[in-house]
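# A structural walkthrough
Residues per chain are reported as follows:
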Amino acid sequence: MCGTKLSFMRDILAEKKLHLKQNEVNHMEVPAYQEISVKNMYDDAMADELLKKYLPTKEQLGNRLPERDFFFGILSTLRNQYMRDVISEAHKKRYTLSEDDDKKEGILISDAWLAELQKHPYHSSKI
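So, here is what we can say about the structure in this document. The structure presented is a predicted model; accordingly, all values stated were derived computationally and were not measured.

Reading the values: the criteria
Residues numbered from 1 in each chain as written. Predicted model: local features only at pLDDT ≥ 70, side-chain atom pairs only at ≥ 80, totals over all residues. Heavy atoms only, no water. Helix = DSSP H or I, 4+ residues; strand = E, 2+ residues; numbered from the N terminus. Buried < 20%, exposed > 50% of the residue type's maximum accessible area, 1.4 Å probe, protein only. Polar contact = N/O pair within 3.5 Å; in protein donor to acceptor, adjacent residues only side chain to side chain. Contact = heavy atoms within 4.5 Å. Patch = residues over 30% accessible without salt bridge, like charges linked within 9 Å, V, L, I, M, F, W, Y side chains within 5 Å. Areas by Shrake-Rupley, 256 points an atom, 1.4 Å probe, with all protein chains shown as cover. Salt bridge = Lys/Arg side-chain N within 4 Å of Asp/Glu carboxyl O. Core = buried A, V, L, I, M, F, W, Y, C linked by side-chain atoms within 4.5 Å. Phe/Tyr/Trp six-rings, centres within 6.5 Å; stacked < 30°, edge-to-face > 60°. Lys NZ or Arg CZ within 6 Å of the ring centre and 35° of its normal.

All right, on to the side chain of N80 then. As for its position among the elements, N80 is in helix 4 (residues 80-95). Assessed through its relative accessible area of 19%, N80 is described here as buried. In this structure the side chain of N80 is engaged in a polar contact, spanning 2.6 Å, whose partner is the side chain of R84. Setting aside residues up to four positions removed in sequence, N80 forms contacts with N26, M28 and L75.

There is a patch of nonpolar side chains on the surface, built from I109, W113, L114 and L117 and spanning about 400 Å² of accessible area. What makes I109 partly exposed here is its relative accessible area of 42%.

Counting residues in hydrophobic clusters, the biggest one holds 23 residues, and the most contacted among them are I36, M41, L55, F71 and F72. Of all the secondary structure elements, the ones that give two or more residues to this core are helix 1 (6-13), helix 2 (38-47), helix 3 (68-78) and helix 4. Broken down by element, the residue count for this core peaks at six residues, all from helix 3. Ignoring anything within four residues of it in the chain, the contact list for M41 reads E35, I36, F71, F72, L75, Y82, M83 and V86.

The next subject is the packing of aromatic side chains. Summed over all chains, the structure comprises three aromatic pairs. On the basis of an interplanar angle of 85 degrees and a centroid distance of 6.4 Å, the ring pair of F8 and F70 is categorised as edge-to-face. One end of the pair, F8, is in helix 1; the other, F70, is in helix 3, and 62 residues separate them in sequence. The exposure classification of F8 matches that of F70, with both residues buried. Both rings, one in F71 and one in F72, keep their centres 5.1 Å apart while their planes meet at 75 degrees; by these two values the pair is edge-to-face. In terms of burial, F71 and F72 fall into one category: buried. Taking the ring centre of Y33 as reference, the NZ or CZ of R94 above it sits at 3.7 Å.

Following this line, the structure appears as C-alpha cells:
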C-alpha cells in the first residue's frame, strides 16, 4: 500500500492489526461501478470482525479511505465468495432487462450476434 501511515504500520508490528504477504493476496478483477466502491463498502468491511483486523481505520489514514487495490485485495482474499456475489449482483442489475422496462434502455440481441460480438475484444476508450 503506497499510502501506508506510520500508525497502521505500528499496529501491524505490535500485532494489533494483521497483515497478508503480497503472494498471499488474491487479486480479483473488480469493476469500477459506483455500488462497488471503497466509499460504499468500507463501513460494512470495518463491521466484519475478520476484515477489520486487516484494514486500517480512517484515523490511521488521515481520515481517508484505503487505496482501491489494497482494499479489494483484502476483501477478495478473506471474503472471496462475498466479493464474487457482490460483483455478480452488480452485473445482474446492470445487464439484465426487467420485463416492465418502459424506457426500453436495454438492447435485445440474438444468440448469433452475441456469439459474433464475443469473438472480438472490446477496448474501452476510457482506459
